[in-house]
Amino acid sequence: EKVEARYRGKARYYPGRIRSDNRDGTFDVDYDDGEKETGVKEEYIKAREGADSGGGGSSGGLREGDKVEARYRGKARYYPGRIRSDNRDGTYDIDYDDGEKEREV
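Below you will find a few notes about this structure. (Residues numbered from 1 in each chain as written. Predicted model: local features only at pLDDT ≥ 70, side-chain atom pairs only at ≥ 80, totals over all residues. Heavy atoms only, no water.)

## Some thoughts on the side chain of Thr26
Here's step 1: Mapped onto the fold, Thr26 is located in strand E3 (residues 26-31).
Here's step 2: Relative accessible area serves as the criterion here: at 14%, Thr26 is assigned to the buried category.
Here's step 3: Polar contacts involving the side chain of Thr26 include one to the side chain of Asp24, which spans 2.5 Å.
Here's step 4: In contact with Thr26, other than residues within four places in its own chain, are Asp21, Gly39, Val40 and Lys41. (Helix = DSSP H or I, 4+ residues; strand = E, 2+ residues; numbered from the N terminus. Buried < 20%, exposed > 50% of the residue type's maximum accessible area, 1.4 Å probe, protein only. Polar contact = N/O pair within 3.5 Å; in protein donor to acceptor, adjacent residues only side chain to side chain. Contact = heavy atoms within 4.5 Å.)

This is the structure:
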């Protein structure tokens, strides 16, 4: 599964693939740049934006109601929330857990 993960828990997300599910809430990730990391917490992993395979299958895709973390107003920090609606153009409307709302993320 194509994902983005926070290498060593730092703030920036890097593209990669989940190599294995450790079944303890952590995953082993192979990053696209060749780095590998074991025991990555689930909270540091998100579905890769634009990971559209072009097929009709939606496994791994984001859907309305999914819990996500998004960069409020494009800032560096990610905040938890839920997808309110899929705008079908690659953007989503997000309802953040703290009550804020944002369109076309």
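## Re the pairing of strand E8 (residues 92-96)
Both faces of the sheet carry side chains from a regular strand, because those side chains alternate between them.
Here's step 1: In terms of burial, E8 is a largely internal element, four of the five residues being buried.
Here's step 2: When strand E7 (residues 78-86) meets E8, the two strands line up antiparallel, connected through five bridges. Opposite Gly81, over in E8, you have Tyr96 as the bridge partner.
Here's step 3: Joining the antiparallel neighbours E7 and E8 is a turn of five residues, in which Arg88 adopts a positive phi near 60°.
Here's step 4: Judged from the two bridges that link them, E8 and strand E9 (residues 101-102) form a sheet pairing that is antiparallel. Residue pairing for E9: Asp95 is matched across the bridge by Lys101.
Here's step 5: Turn length for the E8-E9 hairpin, with the two strands adjacent in sequence and antiparallel, is four residues, and the turn residue Gly99 shows positive phi of about 100°. (Pairing = 2+ DSSP bridges.)

## Observations regarding the packing of aromatic side chains
Here's step 1: Evaluation of the coordinates by the stated rule reveals three aromatic pairs.
Here's step 2: Ring centres 5.4 Å apart and planes at 90° place the aromatic pair Tyr72 and Tyr96 in the edge-to-face group. Taken together, the residues span a long stretch of sequence, with Tyr72 in the loop between strand E6 (67-71) and E7 and Tyr96 in strand E8 at a distance of 24 residues.
Here's step 3: We classify Tyr96 as buried; its relative accessible area is 5%. (Phe/Tyr/Trp six-rings, centres within 6.5 Å; stacked < 30°, edge-to-face > 60°.)

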